[in-house]
Structure formats: structure tokens, C-alpha cells
Amino acid sequence: MNDLFSKFDPLIEMREGLLKGGVTDPFNLVMERVESPTVAICNGRRTILLGTYNYMGMTFDPDVIAAGKRALDEFGSGTTGSRVLNGTYAGHRAVEDALRDFYAMDHAMVFSTGYQANLGIISTIAGKDDYIILDIDSHASIYDGCALGNAQIVPFRHNDIEALEKRLKRLPPEAGKLVVLEGVYSMLGDVAPLKDMVAVSKAAGAMVLVDEAHSMGFIGEHGRGVAEAQGVMDDVDFIIGTFSKSVGTVGGFCVSNHPKFEILRLVCRPYVFTASLPPSVVATAATSIRKLMHSADKRAHLWENSKRLHAGLRQLGFTLGTDEPQSAIIAVIMPDLETGAAMWEALLHEGLYVNLARPPATPAGMTLLRCSLCALHSEEQVGEILGMFAAAGRATGCIS
Ligand SMILES: Cc1ncc(COP(=O)(O)O)c(C=O)c1O
């Protein structure tokens, strides 16, 4: 028998090598108790959370929790069905209404995850003779959406406006084209030059999809994302988002002003052939989204946190993913995986959780300690975090 698992041997070996010194597995940490959006108990000790996507700190919001409990009581624990059969409850409609209001757009379609939203929308709208032009650092769900469909894939260099323009010019003018971009790229926390990229795409007759997973709730005057911040909302054809980050639960969506958008509910396989979100989840999402519309103070505080952490880490001597803070994500670049894992563990011992990120998730083979800030991190907590980075950095030789 040919063992189909033999292809994983190099990865198994690498993992065993990393863990043989008895270090904690960075990809298997258990949160034993979660006290708030910023604090959990891990390995029996109080740990500041700096590696969640809980940007706006909505997971413990009393109104959000009450809405979830009410829906659980009134509608039960799950729908046991697809959106197109028995899986559309009043709550699914209500969360789509909340999204339409949040984005001021005509249509909203909710999926069971953001991953499925990308999978479904990209594979369905770009067909056999069409082209998908995408940033090479796109999220796995975007690549998987491309793989599920039949369109030709044309990648271009990360955030490179000229490269995008060149690729577009080489394509047949009459062909259908979908340009896929992200507002914030989740590994380095850098923002796309959407204003120019959308202009270039429109000039070439392409439709534009922007994944705003990491900017919703935080970036832009109303928290609509980078497209709002750069004034191109009206030129973007589709915005993809998720409930698993600023919204604080699970689920995904696409919003659009396209007049034929609703037909997707019948033809989009990752929407049709899966069960819909539980009533408690859509109730928490709708409440959270409506509260995010009025969260300017939290957005301002999150920017303060981001600036404070970025400046502090830089001052300590760490190499960061961006020269300026561009989002709620600050990536600390590690020289290699071994040092990254040692630093990750040293931080955990200090009482700080961050994400250890490595290829294939990261660009250019980088190992990163990815820090994601929350609007509910206090100024004191950011100070504590910097103290922990200083101690762990010196203990591991990352800084002097
Ligand atoms: C850019 C981007 N798009 C989509 C997703 C998928 O979101 P979800 O967790 O809802 O599946 C992620 C998740 O990390 C993401 O970073």
C-alpha cells in the first residue's frame, strides 16, 4: 500500500524537531477560560490576548450576548438546513438588513463563513472564459475560490499598481475580468492602494471584488473598510467580509449594488449546499453590526493602540512589517522559524499570546509574530505588552 500520508513527512519532521525541546506547540494552544476580549487563562495563567481578530472587542458585549441567548431560546440551537430550503429564519434576513444598512448597499448575502463567501462568490461569478486578476499575497480562501471555478488566474505582484495595469492590458479587451483585492492584508497588516487599483481596473473594464475581512468595523469613517477610507465604495462591485473578526462571532457575507445580485442565491454552491448559521449566531452578528455603526470612539482608541504599539516595538529594536501603523495588525518579523517559536514561547511565559505565522500563510517565506490589537486593550495593557516584548526579546536574543 502506498501511504497517502507520506507526502506530509517533511512537515511532521519539522514539527517534531520544533517540539522536541519540550516547548509549547504554538499551533495547539488551549484557551482554558476567556475572561474578556483581551484576557484569557492559558496553561493556568492570566494571558493578555494580542493574537485574536477581536478588533472591536464585541465578543462580550452585553447586548450581543443577550441577543444570542434570546435567539437560542426562541429559535433553538440550529436550523438543520440550507438557506434555500428550511435554513432561512427571520434572523438571517435581519442580519442581511443590518449589513445593507452598515454598508449602505442594495444587496447582502450571508454565508456560513467568510471562507465560504470567497469560495462561493469568486467561483460563481468568474466562469470558463473569464479572467481573475489577483494580488499574489491573497488569502487562501481567495485562491481556493479560484481553484473551485473555471476562470483563468492572473496573479500580480503584491500591492503593485503598475503590475496590475500591465496584466490587465495584456488580456483580451472583450473578456470578462474580475480583479480581486484585499483592504488590509492580514499577515503584514498593510493596506492596499485601492484608489489607484480600482481606477486602473475600471479603466480596463473589469469588475472589482474587495475582501475587507480585516478592516470592517475599524477603517473608514463608518467602519466600512479601506474602500470607504480611500473613497472608492461606489466603484467596488463586491465587498466580501466576515463575522469572525470585528463582528465577534462566525459567518461570512458579500454585499453589492449589482442589480442581478440576488440570482447568486440559486447558483452559488457554497451558499446552497451547506447548512445556514445557527439563529443565535445571526442574532449576535446583527446586534454587533448595528452597534459597530456607532463606534467612532472605539475606532479612535484602536488607532491610538496601534500607533502606540508600533512605535514602542520599533523603539525596542524589532523589525516590523510596515514602516507606519496601517491597521490593527502589527507584524514583528523573525529571522527564522526556530527564533520565532522561541520568542513566541517566551512571550507566552511572560503572559502574552500572539500568533506565530509561517509559510504558506506568510509572504516571501517569512516567520512572523503577528499582533492584532483590540479596541478594548487599555493604554496600561499596551504598556504591559511592550514590557513583555522587551523581556522576551532580550531572553531570546532577538533584541539587545
Ligand atoms: C482576508 C480574509 N478573507 C477571508 C477570511 C475567512 O474568514 P472566516 O474566518 O470567516 O472563514 C479570512 C480569515 O482569516 C481572511 O483573513
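Only a predicted model underlies this, so the values are computations on that prediction, with no experimental measurement involved. (Residues numbered from 1 in each chain as written. Predicted model: local features only at pLDDT ≥ 70, side-chain atom pairs only at ≥ 80, totals over all residues. Heavy atoms only, no water.)

Caption draft 1: Representation of helix 2 (residues 62-75) in the model. Here helix 2 contains 14 residues, and its C-alpha end-to-end distance of 20 Å stays within 8% of the 20 Å for a straight helix at 1.5 Å per residue. Taken residue by residue, helix 2 has Val64, Ala67, Gly68 and Ala71 as its buried positions. Mapping the buried residues of helix 2 onto a view down its axis gives an arc of 100 degrees, with all of them on the same face. Pointing more than 90 degrees away from the buried face of helix 2 are the exposed residues Pro62, Lys69 and Asp73. (Helix = DSSP H or I, 4+ residues; strand = E, 2+ residues; numbered from the N terminus. Expected span 1.5 Å × (residues − 1). Buried < 20%, exposed > 50% of the residue type's maximum accessible area, 1.4 Å probe, protein only. Arc of directions from axis to C-beta.)

Caption draft 2: Molecular detail of helix 4 (residues 114-125). Over its twelve residues, helix 4 runs 16 Å from end to end, which matches the ideal 16 Å to within 8%, given 1.5 Å per residue. A large share of helix 4 lies buried, amounting to nine of its twelve residues. Within helix 4, burial applies to Gly114, Gln116, Ala117, Asn118, Leu119, Gly120, Ile121, Ile122 and Ser123. Backbone nitrogen of Tyr115 and a side-chain oxygen of the N-cap are separated by 3.4 Å at the start of helix 4; the cap is Thr113. (Polar contact = N/O pair within 3.5 Å; in protein donor to acceptor, adjacent residues only side chain to side chain.)

Caption draft 3: Expanded view of the layout of surface pockets. Taken as a whole, the largest pocket holds about 730 Å³ of empty space. What lines the largest pocket is a set of 34 residues, among which His139, Ala140, Ser141, Ser186 and Met187 lie closest to the centre. At the level of elements, helix 4, helix 5 (140-148) and strand 9 (238-242) are the ones that each hand at least two residues to the lining of the largest pocket. Here the residues of the lining of the largest pocket sort into 14 nonpolar, 14 polar and six charged. Residues lining the lining of the largest pocket come from more than one domain, with at least three contributed by each of domain 1 (22-56 + 296-395) and domain 2 (62-292). One number sums up the size of the second largest pocket: a volume of about 250 Å³. Contributing to the lining of the second largest pocket are 17 residues, with Ile125, Ala126, Met207, Phe238 and His258 lying nearest its centre. For the lining of the second largest pocket, the elements supplying multiple residues, two or more each, are helix 4 and strand 7 (177-182). For the lining of the second largest pocket, the residue count by class is ten nonpolar, four polar and three charged. (1 Å grid on protein atoms, 1.4 Å probe; cavity = no way out; pocket = protein on both sides within 12 Å on 5 of 7 lines; lining within 4 Å. Points joined across faces, edges and corners; volume = space filled by probe spheres on them. Nonpolar A, V, L, I, M, F, W, Y, C, P; charged D, E, K, R; others polar. Domains from an automatic or database assignment.)

Caption draft 4: Representation of the nonpolar core. In terms of nonpolar packing, the biggest core is built from 92 residues, with Leu99, Tyr103, Phe243, Leu309, Leu369 and Phe389 touching the most fellow members. No other element matches helix 13 (residues 337-350), which puts seven residues into this core. Both domains that furnish three or more residues to this core are identified here as domain 1 (22-56 + 296-395) and domain 2 (62-292). Apart from residues lying up to four places away in sequence, Phe243 is in contact with Val95, Leu99, Val110, Gly248, Thr249, Val250, Gly251, Gly252, Phe253, Leu277, Ala285 and Ile289. If you look at the next biggest cluster of nonpolar residues, it comprises 22 residues, including Met109, Ile142, Cys146 and Leu264. (Core = buried A, V, L, I, M, F, W, Y, C linked by side-chain atoms within 4.5 Å. Contact = heavy atoms within 4.5 Å.)

Caption draft 5: How the structure looks around the pairing of strand 9. Here strand 9 lies mainly inside the structure; five of its five residues are buried. Neither face of strand 9 is left uncovered, since the one carrying Phe238, Ile240 and Thr242 and the one carrying Ile239 and Gly241 both have all their residues buried. Bridge count between strand 8 (residues 207-211) and strand 9: three bridges; the pairing is parallel. Bridging from a neighbouring strand, Leu209 pairs with Phe238 of strand 9. In this structure, strand 9 lies alongside strand 10 (residues 252-256), joined through five bridges in antiparallel fashion. Residue Ile239 lies in a different strand from strand 10, and its bridge partner there is Val255. (Pairing = 2+ DSSP bridges.)

Caption draft 6: Region of interest: the sheet that holds strand 2 (residues 39-42). Read from one edge of the open sheet, four strands run 1-2-3-12, paired in mixed fashion. Sheet topology places strand 1 (33-36) and strand 12 (352-353) at the edges, where each strand pairs with a single neighbour. Note: strand 3 (residues 45-49) against strand 12, two bridges, orientation parallel. The partner of Ile48 across the bridge, within strand 12, is Leu352. Sitting on the sheet, helix 14 (residues 379-396) is in contact with strand 2, strand 3 and strand 12, with an inclination near 105 degrees to strand 3. (Axes fitted to C-alpha atoms, helices over the stretch in contact; angles between N-to-C directions.)

Caption draft 7: The arrangement of the domain arrangement of the chain in detail. Segmentation of the chain into domains returns domain 1 (22-56 + 296-395) and domain 2 (62-292). Domain 1 and domain 2 are separated by 27 Å when their C-alpha centres are compared. Our count for the contact surface shared by domain 1 and domain 2 stands at zero salt bridges. The tally of links from domain 1 across to domain 2 stands at six residue pairs in polar contact (both at pLDDT 80 or more). Contributions of two or more residues to the side of domain 1 that touches domain 2 are made by helix 12 (296-316), strand 11 (329-334) and strand 14 (367-372). For the side of domain 1 that touches domain 2, the leading source of residues is helix 12, giving three residues. For the side of domain 1 that touches domain 2, the residue count by class is 13 nonpolar, six polar and two charged. (Salt bridge = Lys/Arg side-chain N within 4 Å of Asp/Glu carboxyl O.)

Caption draft 8: Molecular detail of empty space enclosed by the protein. Following the criterion strictly, the structure yields one cavity of 30 Å³ or more and no others. The space that makes up the largest cavity amounts to roughly 30 Å³. Taken together, Arg83, Val110, Phe111, Ser112, Pro270, Tyr271, Thr274, Ala275 and Ser276 make up the full set of residues lining the largest cavity. Listing elements by their share of the lining of the largest cavity, those giving two or more residues are strand 4 (107-111) and helix 10 (269-272). The residue makeup of the lining of the largest cavity, split by class, is five nonpolar, three polar and one charged.

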